[in-house]
Amino acid sequence: MTDGAASEETRAMGQSILTVDLGALAENWRRLSTRARGAECAAVVKANAYGLGIGPVAQALFDVGCRTFFVAHLGEGEILRRVLRDSAPEPRIFILNGLAPASARFYVESQLIPILGSLPEIAEWAEFCASDGVAHPAGLHIDTGMNRLGLAARDLKLARALSNSFTPVLAMSHFISAEDISAPTNRLQIERFEQACAQLPPMPASLCNSSGLFLEDAPFLDLCRPGYALYGGNPTPGSDNPMRRVVGLSSLVLQVRDVAAGETAGYNARWTAPSRRRLATINLGYADGFPRSGSEGLIAAEVFAAGHYCPIVGRISMDLSIIDVSETGPLRRGDRVEILGPNISIDGLAAESGTIGYEILTRLGARFRREYIYGAEPPPETPTDAPASEEANPSA
Ligand SMILES: *Cc1c(COP(=O)(O)O)cnc(C)c1O
């Protein structure tokens, strides 16, 4: 460095570190793929691969054998197409949010497949295909209970007629409560989906997200679309997590201080020391995706430091949090504490913060140093020229 800026290594000294174990990710895909029996196992990598970085994540999934990907937006699809531009055979990329108005040609240019979720979208795609003289592929989203996206039963007849102008390659629907194995809606949605498919031209069908794969008599059909479980989230809440841990997050102790009984800590003096306590300030706050609600409930969220669980005290602030380290071993400036890792799961932190693990993942901060590791898994044999992480990982 000649411009006087700190080197990356120096800056890293003050950053929280997010580790993503691509070996564990690959193993999770293999497990889900095995679980799906004969069905194809795709991967949902929307929202920058649930916050973990679409470049390295998609490449690792492709290398382990994944050939179909789902993102939410056209822009995400364009990034993913660039990420996987040299991958052969060319992977399929579906756009879950469907066809954005007046953008059909961009889908075709980047070979992205919209999942059409309403009659206006279907009409627009059909018209584009007719004027282009090519029956481009599209998926069809069937609503079976979410009332969010998807064709209603009354739309199917017209959808079928319009689908003559394009190539329908996937019919899909989405569970509303698959994580609750006893929810009666699971069976109901399966039945509705079967009825809808019977009214459409024959094409591959897909219903299961992560939790759907773990339902009794799970409807694997032709293709499964897991996201959360790939990233180590528990698809079976209430039971042991069948997935391997992918994410680790450690933050830095900035200082340690002793406070006397009766002293307060943090904004608005929401916490008062009940006795003499030792506090540590860490470089993690709500701007990093550490949910502020973790300090607002009756029971505070915890971090893991020097072999002990340490509760947050006072309010989580934008860039900092305070933890009670009175019971831990010696802790000093520059030590790291575990926010997510072997002792604190995504689902655990979410439960303590009144949210779901999906939200924890997708809000992971932009100020972290991100390290992609291969855990116990050896890296893939053929070194693929992985895309530059800058381009591939917009939030890095
Ligand atoms: C996000 C999403 C998925 C993946 O769900 P997970 O619960 O993360 O496995 C699958 N299908 C659709 C339509 C989605 O929006």
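Residues numbered from 1 in each chain as written. Predicted model: local features only at pLDDT ≥ 70, side-chain atom pairs only at ≥ 80, totals over all residues. Heavy atoms only, no water.

A few words on the pattern of salt bridges. In a structure, side chains of opposite charge can pair up when their charged atoms sit close to one another. Across all of its chains, the model carries 16 salt bridges by this definition. Put simply, Arg276 and Asp258 hold a salt bridge, and the shortest N to O gap is 3.6 Å. Of this pair, Arg276 sits in the loop between strand S13 (271-272) and strand S14 (277-282) while Asp258 sits in strand S11 (residues 247-259), placing them 18 residues apart in sequence. By relative accessible area, which is 35% here, Asp258 ends up partly exposed. (Salt bridge = Lys/Arg side-chain N within 4 Å of Asp/Glu carboxyl O. Helix = DSSP H or I, 4+ residues; strand = E, 2+ residues; numbered from the N terminus. Buried < 20%, exposed > 50% of the residue type's maximum accessible area, 1.4 Å probe, protein only.)

Grouped together as the largest cluster of nonpolar side chains are 112 residues, with contacts concentrated most on Val45, Leu61, Phe69, Leu80 and Tyr231. Broken down by element, the residue count for this core peaks at seven residues, all from helix H4 (residues 54-64). The residues contacting Val45, other than those within four sequence positions of it, are Ile54, Val57, Leu61, Phe69, Phe70, Val71, Leu80 and Tyr231. Of all hydrophobic cores here, the second largest spans seven residues; its members include Ala265, Trp271, Val313 and Ile322. (Core = buried A, V, L, I, M, F, W, Y, C linked by side-chain atoms within 4.5 Å. Contact = heavy atoms within 4.5 Å.)

Next up on the list: the state of the cysteines. With the rule as written, the count across this model stands at zero disulfides. This cysteine, Cys66, is not joined by any disulfide, and Cys41 carries the nearest cysteine sulfur, 6.5 Å off. (Disulfide = S-S within 2.5 Å.)

What follows is about the domain arrangement of the chain. Each assigned domain of the chain is listed here: domain 1 (22-231) and domain 2 (247-366). For domain 1 versus domain 2, the separation of C-alpha centres amounts to 38 Å. Opposite the seven residues of domain 1 that make contact, domain 2 presents eight residues. Counting each side, the surface lost to burial between domain 1 and domain 2 is near 700 Å², with a carbon and sulfur contribution of 66%. Our enumeration of links across domain 1 and domain 2 arrives at zero salt bridges. Partitioned by chemical class, the residues of the side of domain 1 that touches domain 2 number five nonpolar, two polar and no charged. (Domains from an automatic or database assignment. Buried area = accessible area lost by both parts, 1.4 Å probe. Nonpolar A, V, L, I, M, F, W, Y, C, P; charged D, E, K, R; others polar.)

Let's shift gears to the layout of surface pockets. Reported here for the largest pocket is a volume of approximately 730 Å³. Lys46, Tyr50, His174, Asn209 and Tyr358 are, among the 34 residues lining the largest pocket, the residues nearest its centre. Only helix H3 (46-50), helix H10 (346-352) and helix H11 (357-362) provide two or more residues apiece to the lining of the largest pocket. Per-element accounting of the lining of the largest pocket gives the leading share, three residues, to H10. Class assignment for the residues of the lining of the largest pocket results in 18 nonpolar, 11 polar and five charged. (1 Å grid on protein atoms, 1.4 Å probe; cavity = no way out; pocket = protein on both sides within 12 Å on 5 of 7 lines; lining within 4 Å. Points joined across faces, edges and corners; volume = space filled by probe spheres on them.)

Next up on the list: the confidence of the model for the chain. Looking at the chain, pLDDT values average 94 and 94% of them are 70 or higher. At the level of individual helices and strands, the chain shows its lowest average pLDDT in helix H12 (residues 389-392), which scores 40, and its highest in strand S3 (residues 43-44), which scores 99. Segment residues 385-396: pLDDT under 50, and 23 contacts once partners within four positions in sequence are set aside and those in other chains are kept. (pLDDT = per-residue confidence, 0-100.)

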